[in-house]
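Chains, contacts and geometry: an overview
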Amino acid sequence: MGPIRGIRKKRKVVKKVVGGGQSTAQESGQGPADWWDDFSRRITGPLSLSNGLDKFESVFKVSRKTFNYICSLVKDDLMAKSSPFTSANGQALSVNDQVAVALRRLSSGESLFNIGESFGINQSTIAQITWRFIEAMEERAIHHLRWPSTDTEMKEIKSKFERIRGLPNCCGAIDTTHIMMCLPSVDPSNNIWLDREKNHSMILQAIVDPDMRFRDIVTGWPGSMNDSVVLKSSGFFKLCEGGERLNGQRIVLSEGSEVQEYVIGDAGFPLLPWLITPYRGKDGSTLKSEFNKRHFATRMVAQRALARLKEMWKIVQGVMWRPDKHKLPRIILVCCLLHNIVIDLEDEVQDEMPLSHRHDSGYKQQICRTVDEKAFIVRDKLSRYLSGRLPP
């Protein structure tokens with residue numbers, strides 16, 4: 001995973017009991033349904049059950065199984081506070097309560113005021129709970145976002161990519177999206193965050209596997225940077241250029257014709273031996289046209305992953321009101337971790353989400369003219385292979 005700007009240093013966790021010995025639902029032997037029965041009765045205002053949000057999944061965007069797992073990850077960190085968080089009536093909040101508050105904040109993108117009205121918790125407490133959850137998740141759940149570590153794992157990824165539209169030895173699809181912000185235009189220092197569509201935004205670059213799982217991300221860079229510059233500033237780029245990544249088994253397309261591991265991206269990225277982009281220009285040859293169709297269909301997995309990220313975790317979907325630009329990259333990271341956890345736990349909630357590919361509505365296609373001459377040869381080899389015209 002690429003560096004996340006603003007990420008905190010690892011801190012020591014001291015285990016303490018929340019609420020003078022109050023246990024979570026899991027510790028007391030209660031199931032999540034028992035906790036939910038009690039918690040749902042406390043929901044009021046915009047989230048009241050009369051509004052139809054009577055299902056656990058409707059409120060938190062994850063199943064109870066996934067919710068329980070997330071609680072187990074962050075329990076020690078959330079219990080490490082010397083004085084417990086409390087609701088408006090003075091009742092100490094359990095770990096489940098705190099995770100519920102944080103997930104609702106991240107999944108709905110609603111204001112602190114609305115969530116406070118619904119959960120009966122003051123806005124300051126909601127903000128503190130959400131941030132402690134962010135801190136805990138980026139430390140305890142980081143293993144859910146990693147580059148494949150074994151040949152077997154990478155082989156499976158390549159096989160799944162090839163089954164989409166035939167691209168052999170493909171290890172990932174790369175794309176970027178903009179997290180939009182509302183910043184004061186009167187402050188000249190904010191101009192660095194203005195992107196090409198004149199929005200203040202922060203960039204998220206992601207490399208995705210065929211299951212829409214994030215395998216590497218980079219975020220924190222201002223929207224004024226184009227996709228190519230963000231890529232070249234990333235640790236992933238340096239590893240690939242140094243031969244330390246995408247350096248696995250080459251595939252033999254024909255005798256004497258080999259292709260190394262690579263990822264695919266759109267025309268906003270440079271054409272490199274390990275990053276294959278589509279053909280550009282008006283050359284309408286069947287060979288190039290067929291390659292572009294297969295390339296587009298395969299890289300759609302990255303667009304869908306980013307669209308689903310924003311759909312499930314709406315805090316990064318809309319326009320964020322004057323966010324802390326040091327904290328925002330860490331919020332984005334945790335949303336990516338939650339996205340991966342839903343996939344890793346095979347949460348059925350994801351099956352109900354739409355498979356849109358529109359994650360950056362209103363943004364035009366970027367064009368990068370940086371080309372590595374060796375990459376022309378690699379792309380042509382793949383193109384001829386896919387069309388069945390590679391010479392023996």
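Structure first, text after, so check above.
Residues numbered from 1 in each chain as written. Predicted model: local features only at pLDDT ≥ 70, side-chain atom pairs only at ≥ 80, totals over all residues. Heavy atoms only, no water.

The secondary structure content of the chain amounts to 12 helices and 8 strands. Within the chain, the proportion of its 392 residues that are buried is 54%. Sequence-distant contacts in the chain: of pairs separated by 6 or more residues, those separated by 24 or more amount to 73%. Here the chain has roughly 17,600 Å² of accessible surface; of this, 49% comes from carbon and sulfur atoms. (Helix = DSSP H or I, 4+ residues; strand = E, 2+ residues; numbered from the N terminus. Buried < 20%, exposed > 50% of the residue type's maximum accessible area, 1.4 Å probe, protein only. Contact = heavy atoms within 4.5 Å. Areas by Shrake-Rupley, 256 points an atom, 1.4 Å probe, with all protein chains shown as cover.)

Counted according to the given criterion, the structure contains 17 aromatic pairs. Measuring from ring centre to ring centre gives 5.8 Å for Phe236 and Trp274, while their planes differ by 70°; the resulting arrangement is edge-to-face. In this pair, Phe236 is assigned in helix H9 (residues 235-241) and Trp274 in the loop between strand E6 (262-264) and strand E7 (275-276), connecting sequence segments 38 residues apart. Neither residue differs from the other here; Phe236 and Trp274 are each classed as buried. Members of the aromatic cluster, joined through ring pairs, are Trp35, Trp36, Phe39, Phe56, Phe60, Phe67 and Phe119. Its guanidinium or amino end placed over the ring of Trp131, Lys327 lies 4.6 Å from that ring's centre, counting from NZ or CZ. Residue placement shows Arg379 over the ring face of Tyr279; its charged tip is 4.1 Å from the ring centre. (Phe/Tyr/Trp six-rings, centres within 6.5 Å; stacked < 30°, edge-to-face > 60°. Lys NZ or Arg CZ within 6 Å of the ring centre and 35° of its normal.)

This part covers the packing of helix H7 (residues 151-165) against helix H10 (residues 286-312). The geometry of a pair of packed helices is captured by two quantities: the angle between their axes and the separation between those axes. In contact at an axis separation of 9 Å, H7 and H10 are set at 130° when each is read in the N-to-C sense. Viewed along their axes, H7 and H10 adopt a mutual orientation that is oblique. Crossing of H7 over H10 shows right-handed handedness. Residue-level contacts link Phe161, Ile164 and Arg165 of H7 to Glu290, Lys293, Arg294, Ala297, Thr298 and Val301 of H10. (Axes fitted to C-alpha atoms, helices over the stretch in contact; angles between N-to-C directions. Parallel < 35°, antiparallel > 145°, perpendicular 65-115°, else oblique. Left-handed = near helix turned anticlockwise from the far one by under 90°.)

Right, let's talk about a negative patch on the surface for a bit. On the surface, Glu57, Glu348, Asp351 and Glu352 cluster together to form a negatively charged patch. With respect to the helices, strands and loops of the structure, Asp351 is situated in the loop between helix H11 (328-344) and helix H12 (373-386). A residue is classified by how much of its surface remains accessible, and Asp351, at 61% relative accessible area, is exposed. (Patch = residues over 30% accessible without salt bridge, like charges linked within 9 Å, V, L, I, M, F, W, Y side chains within 5 Å. Salt bridge = Lys/Arg side-chain N within 4 Å of Asp/Glu carboxyl O. Lys, Arg positive; Asp, Glu negative; His and termini not counted. Charge placed at Lys NZ, Arg CZ, Asp CG, Glu CD.)

Here the largest pocket defines a volume of roughly 540 Å³. Together, 22 residues line the largest pocket, and Arg105, Ile315, Met320, Pro323 and Ile331 are the ones closest to its centre. Contributing elements (two or more residues each) for the lining of the largest pocket: helix H4 (95-108), helix H6 (123-140), strand E8 (320-321) and H11. Per-element accounting of the lining of the largest pocket gives the leading share, 4 residues, to H6. Across the lining of the largest pocket, the residue classes break down as 12 nonpolar, 4 polar and 6 charged. (1 Å grid on protein atoms, 1.4 Å probe; cavity = no way out; pocket = protein on both sides within 12 Å on 5 of 7 lines; lining within 4 Å. Points joined across faces, edges and corners; volume = space filled by probe spheres on them. Nonpolar A, V, L, I, M, F, W, Y, C, P; charged D, E, K, R; others polar.)

Note on terminology: disulfide describes a covalent bond linking the sulfur atoms of two cysteines. Counted by the stated rule, this structure contains 0 disulfides. For the unlinked cysteine Cys240, the closest cysteine sulfur is that of Cys171, found at 9.4 Å. Here Cys240 falls in the buried class, since its relative accessible area comes to 7%. Free cysteine Cys336: the closest other cysteine sulfur is in Cys335, separated by 7.1 Å. (Disulfide = S-S within 2.5 Å.)

Looking at where Glu261 falls in the secondary structure, it is placed in the loop between strand E5 (257-259) and E6. Note on Glu261: relative accessible area 5%, which makes it buried. Within the structure, Glu261 has its side chain in polar contact with the backbone nitrogen of Asn247 (distance 3.4 Å). Within the structure, Glu261 has its side chain in polar contact with the backbone nitrogen of Gly248 (distance 2.9 Å). (Polar contact = N/O pair within 3.5 Å; in protein donor to acceptor, adjacent residues only side chain to side chain.)

A few words now on the pairing of strand E3 (residues 214-222). In terms of burial, E3 is largely enclosed, as 8 of its 9 residues are buried. Sheet analysis places strand E2 (residues 200-208) next to E3, joined by 7 bridges and oriented antiparallel. Counted as the bridge partner of Val208 is Phe214 from E3. Taking the residues between adjacent antiparallel strands as the criterion, E2 and E3 are bridged by 5 residues, where Met212 takes a positive phi near 70°. (Pairing = 2+ DSSP bridges.)

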